[in-house]
Amino acid sequence: MRRLRYLFLSAVVVALAVTRLPAQDVYPNEFANNAVAATDTSQLVSFGFSALSVTLVNDGANEVFFSLSPTATTASFKLLTGESWSGPIPSAAKGVALVCSAGETATIRVGAWR
């Protein structure tokens, strides 16, 4: 029984040590938590590398529309205030395009990983 408890505690210690690694060691190619000011003019947020997935968080007071193509419109995917979206992105995508409705702005946190 003691040996089993020792093995369990050893596994817990190893698991804690692994989870405490710095983020740059786990995700060496990240573009994370970059705050972007979205306006009523579509803008493309480029990652600088071919990302496999992206996360968007709308921290702004207004809804924002996003697209994985070079241009976003108000007919694109909608992200309401306080909402987030994560998903894979096509290899051809150069980044994520953001836009708000006329006269509105929003702050969006963007993260991308490969």
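Residues numbered from 1 in each chain as written. Predicted model: local features only at pLDDT ≥ 70, side-chain atom pairs only at ≥ 80, totals over all residues. Heavy atoms only, no water.

**Remarks on the pattern of salt bridges**
Alright, step 1. With the rule as written, the count across this model stands at two salt bridges.
Alright, step 2. A salt bridge links Arg 109 to Asp 59, with the nearest nitrogen and oxygen atoms 2.5 Å apart. Of this pair, Arg 109 sits in strand S8 (residues 106-113) while Asp 59 sits in the loop between strand S3 (53-58) and strand S4 (64-67), and the two are 50 residues apart along the sequence.
Alright, step 3. On the accessibility criterion, Arg 109 (29% relative accessible area) is partly exposed.
Alright, step 4. Take Asp 59: its relative accessible area is 43%, and that puts it in the partly exposed class. (Salt bridge = Lys/Arg side-chain N within 4 Å of Asp/Glu carboxyl O. Helix = DSSP H or I, 4+ residues; strand = E, 2+ residues; numbered from the N terminus. Buried < 20%, exposed > 50% of the residue type's maximum accessible area, 1.4 Å probe, protein only.)

**Overview of the sheet that holds strand S5 (residues 77-79)**
Alright, step 1. Spatial ordering of the open sheet is given by S2-S7-S4-S5, a layout of four strands whose pairing is antiparallel. Among the strands making up the open sheet, the edge pair consists of strand S2 (43-46) and S5. For this sheet, the mean inter-axis angle between neighbouring strands, taken without regard to orientation, is 35°.
Alright, step 2. With three bridges connecting them, S4 and S5 associate as antiparallel partners. Bridging across to S5, Phe 66 finds its partner in Phe 77. (Pairing = 2+ DSSP bridges. Axes fitted to C-alpha atoms, helices over the stretch in contact; angles between N-to-C directions.)

**Examining the packing of aromatic side chains**
In this description, a pair of aromatic rings is defined by centroid distance and the angle of the planes.
Alright, step 1. Throughout the structure, instances matching the rule amount to three aromatic pairs.
Alright, step 2. Between Phe 66 and Trp 85, the aromatic rings sit 5.0 Å apart at their centres with planes inclined by 45°, giving tilted as the arrangement. Taken as a pair, Phe 66 in strand S4 and Trp 85 in strand S6 (residues 84-88) lie far apart in primary sequence, 19 residues in all.
Alright, step 3. In this structure Phe 66 comes out as buried when scored by relative accessible area, which is 3%. (Phe/Tyr/Trp six-rings, centres within 6.5 Å; stacked < 30°, edge-to-face > 60°.)

**Remarks on the side chain of Asn 58**
Alright, step 1. Turning to its location among the elements, Asn 58 is positioned in strand S3.
Alright, step 2. Classification of Asn 58 as buried rests on a relative accessible area of 1%.
Alright, step 3. Polar side-chain contacts of Asn 58 include one of 2.9 Å to the backbone oxygen of Asn 62.
Alright, step 4. Apart from residues no more than four positions distant in its own chain, Asn 58 is found in contact with Glu 63, Val 64, Leu 79, Leu 80, Thr 81, Gly 82, Glu 83, Ala 106, Thr 107 and Ile 108. (Polar contact = N/O pair within 3.5 Å; in protein donor to acceptor, adjacent residues only side chain to side chain. Contact = heavy atoms within 4.5 Å.)

**Things to note about the side chain of Ser 101**
Alright, step 1. Here Ser 101 shows up in the loop between strand S7 (95-99) and S8.
Alright, step 2. Residues in contact with Ser 101, not counting those within four places in the same chain, are Asp 40, Glu 63, Phe 65 and Thr 74.

**Comments concerning the nonpolar core**
Alright, step 1. Grouped together as the largest cluster of nonpolar side chains are 20 residues, with contacts concentrated most on Phe 47, Leu 56, Val 96, Leu 98, Ile 108 and Val 110.
Alright, step 2. If you list the elements that add at least two residues to this core, you get strand S1 (30-38), S3, S4, S7 and S8. (Core = buried A, V, L, I, M, F, W, Y, C linked by side-chain atoms within 4.5 Å.)

**Section: the environment of Asp 40**
Alright, step 1. Turning to its location among the elements, Asp 40 is positioned in the loop between S1 and S2.
Alright, step 2. The spacing of Asp 40 and Val 99 is 59 residues in sequence and 5.3 Å in space, taken between C-alpha atoms.
Alright, step 3. A polar contact is formed between the side chain of Asp 40 and the backbone nitrogen of Gly 103, at a distance of 3.0 Å.

On their own, these measurements won't tell you what the molecule is for.
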